Amino acid sequence: MNGRKVAVQNRAVPSEERSGALFLLAGFFLVGGLLGCLLASRVGGGANDSLSSYIKGYLTAVHTGEANSPGIFPVLWENFRYPVACVVLGVTSAGAVMVPIVFAVRGFFLSFAVSSFVCMFGGRGLLMAAGVFLPAGLVVIPCMFLLGILMLRPTGKITMRGCLPAFGVCAGALLLITLYECLLAPKILGLLASVLLQGS
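Computed from a prediction, not measured in an experiment: that's the story for all the values here. (Residues numbered from 1 in each chain as written. Predicted model: local features only at pLDDT ≥ 70, side-chain atom pairs only at ≥ 80, totals over all residues. Heavy atoms only, no water.)

(A) The environment of Arg-42, seen in detail. Within the secondary structure, Arg-42 is located in helix H1 (residues 2–43). The class of Arg-42 is exposed, set by a relative accessible area of 70%. As a C-alpha pair, Arg-42 and Cys-119 span 77 residues in sequence and 9.6 Å in three-dimensional space. (Helix = DSSP H or I, 4+ residues; strand = E, 2+ residues; numbered from the N terminus. Buried < 20%, exposed > 50% of the residue type's maximum accessible area, 1.4 Å probe, protein only.)

Right, dumping it as structure tokens:
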């Protein structure tokens, strides 16, 4: 009987650790997102002419086909930098502090970018923001959470062998979304940009 209780307790500890890490990272991500929304509401909506001109110039270039397809290395950097930062910082002595900060930074910049589109173009801006950020976000953010939860475990419980499956899944998913952004995303964004510019 005692043996059964010990076994149950040993299995419960990792589950509690995962839940605590998930709530911590989600909280930092949410706080960063809220700060991004607040900043975008202050500088968006035409108040910041340089930001508005930049976004409209980008949309025009995408619509007319003047914008070149993104290079493989910039897209790799864009998609891999936050997950890799979670792993690299997670193995340092300050990982418990630095990994949540990475989530806050990611939440801030993502929210700021999406909110800027919405502030300038309304509901149509949300459509364009979804085309620009949603595909990668659906892959990069879950990979960040998976790796971040692994890295927030106590140092003695982090083993390279135990993390290899998660590393492999994340690397494969990030490579697939990179191929999508290099090959298919420019065409889809061109269609969305034409819809957005026609209504502006």
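(B) Inspection of helix H4 (residues 95–121) at higher detail. An ideal rise of 1.5 Å per residue puts 39 Å on 27 residues; H4 measures up with 39 Å between its terminal C-alpha atoms. At the exit of H4 stands Gly-122, carrying a positive phi of roughly 70°. (Expected span 1.5 Å × (residues − 1).)

(C) Looking closely at the packing of H4 against helix H5 (residues 123–151). Two elements in contact, H4 and H5, have axes separated by 9 Å at closest approach and are oriented at 170°. Between H4 and H5, the angle is such that the two are roughly antiparallel. Counted together, Val-99, Val-102, Phe-103, Arg-106, Leu-110, Ala-113, Val-114, Phe-117, Val-118 and Phe-121 of H4 and Gly-123, Arg-124, Gly-125, Leu-126, Met-128, Ala-129, Phe-133, Val-140, Ile-141, Met-144, Phe-145 and Gly-148 of H5 form the full contact between these two elements. Class assignment of the residues belonging to the contact of H4 with H5 gives a composition of 17 nonpolar, three polar and two charged. (Axes fitted to C-alpha atoms, helices over the stretch in contact; angles between N-to-C directions. Parallel < 35°, antiparallel > 145°, perpendicular 65-115°, else oblique. Contact = heavy atoms within 4.5 Å. Nonpolar A, V, L, I, M, F, W, Y, C, P; charged D, E, K, R; others polar.)

In short, the description is geometric, and any link to function would need to be established separately.
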